[in-house]
Amino acid sequence: MRLAAASRWPQAKIVLGPALGCVLLIALCAATGSHLWHLWEHQREQYTHLARLELALDEAKNQKQERQAELARRFDPQQIQPQLRERYGWVDPRDLIVRLKLPNH
């Protein structure tokens, strides 16, 4: 029966083979295009996120520089030791008196 159908339409094999190949090729191209589109969208989101992170980093650097400048303006090296002593009980090693004792025999 199959031979009869093939003998009735000999052009069917000639037409259906390339047609199925074209359909398969179109389906693969559509899938590839869809995946490329999703990758493109993901890359765009990543670049947007990177831009936001770089902006936040620049703002943090500017804040640090401003605070560093403010600290440099307000810092008085003469007051640091009394404040460290008062707040933390810090003692400058240069203020300590070292007394050597001779061993008792």
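Please read these numbers as outputs of a predicted model, since none were measured by experiment.

**Q** What am I meant to see in the overall build of the chain here?
**A** The helix and strand inventory of the chain stands at three helices and zero strands. Its helices and strands taken in sequence order, the chain reads α-α-α from the N to the C terminus. Here the chain holds 105 residues, and 2% of them are scored as buried. In the structure as shown, the chain presents an accessible area of about 10700 Å², 62% of it carried by carbon and sulfur atoms.

**Q** Would you mind showing me how to read the confidence of the model for the chain here?
**A** Detailed reading of predicted coordinates is not advised where the pLDDT is low. For the chain, the average pLDDT comes to 85, and 88% of its residues sit at 70 or higher. Model confidence for the chain, summarised as mean pLDDT per element, is weakest for helix α1 (residues 2-8) at 54 and strongest for helix α2 (residues 10-74) at 92.

**Q** Which parts of the structure should I look at to understand the pattern of salt bridges?
**A** Pairs can form between side chains of opposite charge once their charged atoms are near each other. In this structure the tally under the stated criterion is two salt bridges. Between Arg-44 and Glu-41 there is a salt bridge whose closest N-O contact spans 2.5 Å. Here Arg-44 pairs with Glu-41, and both are found in helix α2, just three residues apart, close to one helical turn. The class of Arg-44 is partly exposed, set by a relative accessible area of 49%.

How each quantity is defined
Residues numbered from 1 in each chain as written. Predicted model: local features only at pLDDT ≥ 70, side-chain atom pairs only at ≥ 80, totals over all residues. Heavy atoms only, no water. Helix = DSSP H or I, 4+ residues; strand = E, 2+ residues; numbered from the N terminus. Buried < 20%, exposed > 50% of the residue type's maximum accessible area, 1.4 Å probe, protein only. Areas by Shrake-Rupley, 256 points an atom, 1.4 Å probe, with all protein chains shown as cover. pLDDT = per-residue confidence, 0-100. Salt bridge = Lys/Arg side-chain N within 4 Å of Asp/Glu carboxyl O.

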